[in-house]
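Below are the chains, spelled out letter by letter.
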Amino acid sequence: MATEIRDMDPSRCVLDTFRSAIAQKISTALPELSVDQVYSGVDYGKKGVDFTVALPRFRLPGKVDDHAKKVISQFTADDHVAAVTHDKAFLHFQLNTSTLIRAILDQIHDLTHNTASGNPEYGTNTTGQGKTVIIEYSSPNIAKNFHVGHLRSTIIGGFLSNLYKICGWKVLSMNYLGDWGTQFGLIATGFEKYGNEEELQRDAIKHLFDIYVKVNKDAEENPEVRVDAAKWFKRMEDGDEEALKNWRQWRALSIKKYAEEYDRLNIKFDIYTGESEVSKAVMDKAVDRLNDLGLITDSDGAKIVQLEKYKLGSGVIKKKDGTSIYLTRDIGAAIERYEKYKFDKMIYVVSSQQDLHLRQFFKILELMDYPWAKDMLHINYGLVQGMSTRKGTVVFLNQIIGEAASVMHDQMRKNEEKYNAVEDPESTSSEIGITGVKIQDMAAKRINNYTFNWDRMLSFEGDTGPYLQYAYVRLVSIGRKNPHLLPLPKPADIDIETLVQSQHARDIVFLLGSYPDVVKTALKTHEPSGVVTFAFRLAHAISSAWETVVVKGEEDIEKARARMWMYESARDVLGQAMRLLSLRPLERM
Ligand code: ARG
């Protein structure tokens, strides 16, 4: 039977306790099923139902209806499970509301304020303990434009790094720069004519790009330019120090600039590497090996790897002049990374436009018999249309960041009164703007294409980044607005009865309880969208509770405190989800 034993850890996800109570009951009524078996079949229910078990999945002999009836007739409520109903072969369970609310809020409290690490840990798990993952993402090309594909890789990769970390993995986040290839021969040629040290120091990314554009134009008019460029690059590949000197400086200055921009995006890399760092020796060895395996054909001196057998076409792996290309470097880089880091998994966050490239390159490593080839994973994503600024097309990352900030700033200024109340409107609007860009990017399944739309993503209405920041700020403000309730008594001294009585409160708390599962699901699917959906569901549940589950104006101080405890827990969990999405939750706006 295809049952997957879901790892159970009630110390991190208290809903596991409830699932296991349900599993016990079913297994007692139907002894042919083990508790473990049932446990992995306890799913979240549809609206109004806490958990549902679809009995047909167990393929028991006899009539499913009879099995369901058997469970129902033997059922007795206890302090975990309150009731069961059945709809044909589906068993629907309701949990005991007071146990549920108490258990979830206690756990959030402990894992937020009483952790050994001192950091909030609610939602985290230890499934990755002892394992190392390399996550390679962003990886722009020096001297070329930073396109939306790079932006998506940066956003999704940043999320994945956070995700693996909170699941206990040791994460090495890696930026594999396009810092090698014939284009550097071109820039070197162009630099002699157009280079300017001052401009280079001021903004290397921009200056190198400008030179690249100019020299490409020259090359169109004069084919000699490309010949010169190829010669330059050949000298670089041969390790000619004189030819490498400028390139080294360009690279260093570009990285410095990028790091500043990533910092604004709340993204950090442990390792900056690049195509240039792949050693010639390892690439030569790889090509020899492929040759021995009979996978290489020769075309006019160029070496081509044949993967037709695997329906993966063919690819050049060494040029006529002996220089390497993209594919060769990826193969070499992977081998070197394994040698150096002994990863348990390596993830490449790269646009689906490069699906074929990644499949070829993974296949080649598999054919070379590297046992770790099976531990490589390509996380792809769809295209984005229409990213431009009011001034025109986007070429650089700082233009995207700048536009997000300034559009948001204009938007905020429309409400004079509110705007004047914001302490630091510049940095606040920049942060909200970045949140808008990221949320738009992560809201749907990765593989979907979408159209970049500044107005939509930066609106405070609808499921947008600004709305999410607003929901968080509103939760934070409860403490500020009700100082008479603070500090809250310790959890054991808070009377939760008022929460038990409120369906709104129960909905919110149940959602909060599901957060550790949201994280686990994301780890399986590598989809940020599930976390985004969770954050909005929570924000909506909270916004529909404001009117009825009131704190301010509640005269019964015990009731007010219980509610405040719930809102503060919601704030903590929403904050965790936002940080997982690489956002910086704002305290005020
Ligand atoms: N620099 C490449 C580009 O801009 C992306 C690199 C993706 N990573 C890789 N290992 N091939 O297209």
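Fair warning: this is a prediction, and the values are worked out from it, not measured in the lab.

Student: Requested: an account of the side chain of aspartate 330, with residues and values cited.
Tutor: In this structure, aspartate 330 sits in helix H12 (residues 326-341). For the buried aspartate 330, no salt bridge is present, and the opposite-charge side chain at shortest range is arginine 337, 5.2 Å distant. When sequence neighbours within four positions are dropped, the list of residues in contact with aspartate 330 reads Tyr176, Tyr348, His357 and Phe361.

Student: Quick rundown of unusual backbone geometry? Include the residues and the values.
Tutor: Leucine 486 connects to proline 487 through a cis peptide bond whose omega is -10 degrees. The residue proline 487 is located in the loop between helix H18 (465-481) and helix H19 (497-500) in this model. At lysine 88, a residue that is not glycine, the phi angle is positive and equals roughly 55 degrees. For lysine 88, the location among the structural elements is in the loop between strand E3 (81-87) and strand E4 (90-95). Among the residues examined, lysine 88 registers a relative accessible area of 63% and is labelled exposed. Positive phi is not limited to glycine here, since asparagine 266 has a value of about 65 degrees. Residue asparagine 266 is classed as partly exposed on the basis of its relative accessible area, which comes to 33%.

Student: Account for the sheet that holds strand E2 (residues 51-54), naming residues and giving values.
Tutor: An order of E1-E2-E4-E3 is seen for the four strands of this open sheet, with the pairing classed as antiparallel. Across the chains shown, the open sheet's two edge strands, defined by having one partner strand only, are strand E1 (42-44) and E3. Neighbour-to-neighbour, the strand axes of the sheet open up by a mean angle of 30 degrees, direction not taken into account. Pairing between E3 and E4: six bridges, direction antiparallel. When the sheet's bridge partners are listed, alanine 83 is paired in E4 with glutamine 94.

Student: I'd love a proper account of the domain arrangement of the chain, names of residues and values included.
Tutor: Segmentation of the chain into domains returns domain 1 (15-95), domain 2 (132-381) and domain 3 (399-580). Computed over C-alpha atoms only, the centres of domain 1 and domain 2 are separated by 52 Å.

Student: For the nonpolar core, give the residues involved together with the corresponding values.
Tutor: One finds Ile26 and Tyr567 to be the most contacted residues of the largest nonpolar core, which totals 137 residues. Of all the elements, helix H22 (residues 557-580) adds the most residues to this core, at twelve residues. Counting residues in each nonpolar core, the second largest holds 36 residues, with Leu312, Ile317, Leu358 and Leu367 among its members.

Student: An account of the sheet that holds strand E11 (residues 345-349) is requested, with residue identities and associated values reported.
Tutor: Ordered by their spatial adjacency, five strands build an open sheet running E7-E6-E5-E11-E12, and the pairing between neighbours is parallel. Only two strands of the sheet have a single neighbouring strand rather than two, namely strand E7 (271-274) and strand E12 (376-379). Each adjacent strand pair in this sheet contributes to an overall mean axis angle of 25 degrees, direction not counted. Relative to strand E6 (residues 170-177), strand E5 (residues 132-136) runs parallel, the two being bridged by five bridges. Note that in E6 the partner of glutamate 136 across the bridge is methionine 174. Set on the sheet, helix H5 (residues 148-166) makes contact with E5, E6, E11 and E12; between it and E11 the angle comes to about 155 degrees. Lying on the sheet, H12 is in contact with E5, E6, E7, E11 and E12; it crosses E6 at an angle near 150 degrees.

The rules we used
- Residues numbered from 1 in each chain as written.
- Predicted model: local features only at pLDDT ≥ 70, side-chain atom pairs only at ≥ 80, totals over all residues.
- Heavy atoms only, no water.
- Helix = DSSP H or I, 4+ residues; strand = E, 2+ residues; numbered from the N terminus.
- Buried < 20%, exposed > 50% of the residue type's maximum accessible area, 1.4 Å probe, protein only.
- Lys, Arg positive; Asp, Glu negative; His and termini not counted.
- Salt bridge = Lys/Arg side-chain N within 4 Å of Asp/Glu carboxyl O.
- Contact = heavy atoms within 4.5 Å.
- Pairing = 2+ DSSP bridges.
- Axes fitted to C-alpha atoms, helices over the stretch in contact; angles between N-to-C directions.
- Domains from an automatic or database assignment.
- Core = buried A, V, L, I, M, F, W, Y, C linked by side-chain atoms within 4.5 Å.

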